[in-house]
Amino acid sequence: MGIASNLTAVLAEDETLLRQFLKKKLEKLWPELQIVGEAEHGQAAVELINTLKPTVAFLDIRMPERTGLEVASDIAEASPDTHIVFVTAFHEYAVAAFDR
């Protein structure tokens, strides 16, 4: 079994339609990636990531309870091997995300 069979992801996006869109696009473009969890807010994302320790976490920057930036900081110790991809429609948050 190669690494490709072990690729997992958590999607954290508070808008259901956007989360479903991202999931469908990932399934089409990255079929070996298994989506193991979805979260509607930041605290749920922290709990899922800390428990599931996915390969990748797709984090909306603006979410209720915890922002994507806060989630990234919160999971750094418990799930240090999780790669973070920030998802946002707000360009003003992009610079802050690159500082992480």
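Residues numbered from 1 in each chain as written. Predicted model: local features only at pLDDT ≥ 70, side-chain atom pairs only at ≥ 80, totals over all residues. Heavy atoms only, no water.

Turning our eyes to something else, we now look at the pattern of salt bridges. Under the definition given, this model contains four salt bridges. Lys 23 is the salt-bridge partner of Glu 38, the closest N and O atoms lying 2.9 Å from each other. Here Glu 38 is found in strand E2 (residues 34-39), whereas its partner Lys 23 is found in helix H1 (residues 16-29), with 15 residues between them in sequence. A salt bridge links Arg 66 to Asp 74; the shortest N-O distance between them is 2.7 Å. According to the relative accessible area criterion, Asp 74 is partly exposed, its value standing at 32%. A cluster of three or more residues bridged by salt bridges with shared partners is formed by Arg 19, Lys 23, Glu 38 and Glu 40. (Salt bridge = Lys/Arg side-chain N within 4 Å of Asp/Glu carboxyl O. Helix = DSSP H or I, 4+ residues; strand = E, 2+ residues; numbered from the N terminus. Buried < 20%, exposed > 50% of the residue type's maximum accessible area, 1.4 Å probe, protein only.)

In this structure, Ala 12, Ala 39, Ala 45, Ile 49, Leu 59, Val 71 and Ile 75 are the most contacted members of the largest nonpolar core, which totals 13 residues. Contributions of two or more residues to this core are made by strand E1 (8-12), helix H2 (42-52), strand E3 (56-60) and helix H3 (68-75). Here this core takes four residues from H2, the largest share from any one element. Ignoring any residue separated from it by four or fewer positions in sequence, one finds Ala 45 in contact with Ala 12, Ala 39 and Val 71. (Core = buried A, V, L, I, M, F, W, Y, C linked by side-chain atoms within 4.5 Å. Contact = heavy atoms within 4.5 Å.)

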